[in-house]
Amino acid sequence: AQSVSQHNHHVILSEAASLELGCNYSYGGTVNLFWYVQYPGQHLQLLLKYFSGDPLVKGIKGFEAEFIKSKFSFNLRKPSVQWSDTAEYFCAVEASGSARQLTFGSGTQLTVLP
Amino acid sequence: GAGVSQSPSNKVTEKGKDVELRCDPISGHTALYWYRQSLGQGLEFLIYFQGNSAPDKSGLPSDRFSAERTGGSVSTLTIQRTQQEDSAVYLCASSLPSQVGQFFGPGTRLTVL
């Protein structure tokens, strides 16, 4: 079974600071990787995904993530955060080709100070 | 509709009562998932439906939990004899079988008193 670790539970940044949220997964096979975001009072939204090809993927709102297979990592980055990025961020993994359930990390609460 | 819808948005019930939670997936999405989001356990997979295939029930925490999907569209998650530890937000998601990534609904917040 796969597992996902998000090491930062709560990150506080000032506007314009750079962001990197860590995500590591454990699984021996091929995976699809995701970052979801949950803004206050809203439902989970897909931020970006990786399933093949270029390991550097770009998502909405200026976010990007890099899949490093050798490190089993899929870290989320944004060069300059905004107050509106305040949200909870979840990394998730799906084992390719099998039952399609997502395994989520515990989430990282990002607070951006204006 | 444009997105996944769930009802009710909030449900308060007494311990021991049964509850039914409903999910309407995005039109045309044949894959449907239920997850639970709680403070102690984070986001957990519960059950997965794909078309007419037998559902993957591997995430259901006990036999008090069951789900069905009628006509390949709407799904109902039923929790019998609710317990306080069932309090959580129950999320539904849907996708196309060839699509990578799931679309989530707003969830049903269940509170068991």
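Residues numbered from 1 in each chain as written. Chains lettered and ligands numbered in written order. Predicted model: local features only at pLDDT ≥ 70, side-chain atom pairs only at ≥ 80, totals over all residues. Heavy atoms only, no water.

1. Here's the deal with the interface of chain A and chain B
Which entries qualify depends on this criterion: The contact criterion used is simple: two residues touch if any of their non-hydrogen atoms lie within 4.5 Å. Defined in terms of a 1.4 Å probe, buried area is the accessible area two parts forfeit on being brought together, summed over both. Salt bridges are identified by distance alone: a Lys or Arg side-chain nitrogen within 4 Å of an Asp or Glu carboxyl oxygen. Here a polar contact means two N or O atoms within 3.5 Å. Within protein one must be a hydrogen donor candidate and the other an acceptor candidate, and residues neighboring in sequence count only if both atoms are side-chain atoms. Secondary structure elements follow DSSP: runs of H or I of four or more residues count as helices, runs of E of two or more count as strands, with numbering from the N terminus. Only Asp, Glu, Lys and Arg are considered charged, only Ala, Val, Leu, Ile, Met, Phe, Trp, Tyr, Cys and Pro nonpolar, and every remaining residue, Gly among them, polar.
Listed per partner, the contact involves 15 residues of chain A and 19 residues of chain B. Surface buried jointly by chain A and chain B totals about 1500 Å² across both partners, of which 58% is contributed by carbon and sulfur atoms. The tally of links between chain A and chain B comes to zero salt bridges. The tally of links between chain A and chain B comes to three residue pairs in polar contact (both at pLDDT 80 or more). Tallying contributions element by element places strand β5 (residues 31-38) of chain A first for the side of chain A that touches chain B, with four residues. Broken down by class, the residue content of the side of chain A that touches chain B amounts to eight nonpolar, four polar and three charged.

2. Some points on the packing of aromatic side chains
All names here are of chain A. Our working definition: Think of it this way: a Phe, Tyr or Trp ring, Trp meaning its six-membered ring, pairs with another when their centres are within 6.5 Å, and the plane angle makes it stacked under 30 degrees, edge-to-face over 60, tilted otherwise. Any residue under 20% of the maximum accessible area for its type is buried, any over 50% is exposed, and the rest in between are partly exposed; the area is computed with a 1.4 Å probe on protein chains only.
Scanning all chains against the criterion turns up 14 aromatic pairs over all chains. Summarising the aromatic geometry, the rings of Y25 and F67 are spaced 6.4 Å apart at their centres and angled 35° between planes, so their arrangement reads as tilted. Pair noted here: Y25 is in strand β4 (residues 24-26) and F67 is in strand β8 (residues 64-68), with a separation of 42 residues, a long-range link. The exposure class of Y25 is buried, given its relative accessible area of 7%. By relative accessible area, F67 is classed as buried at 12%.

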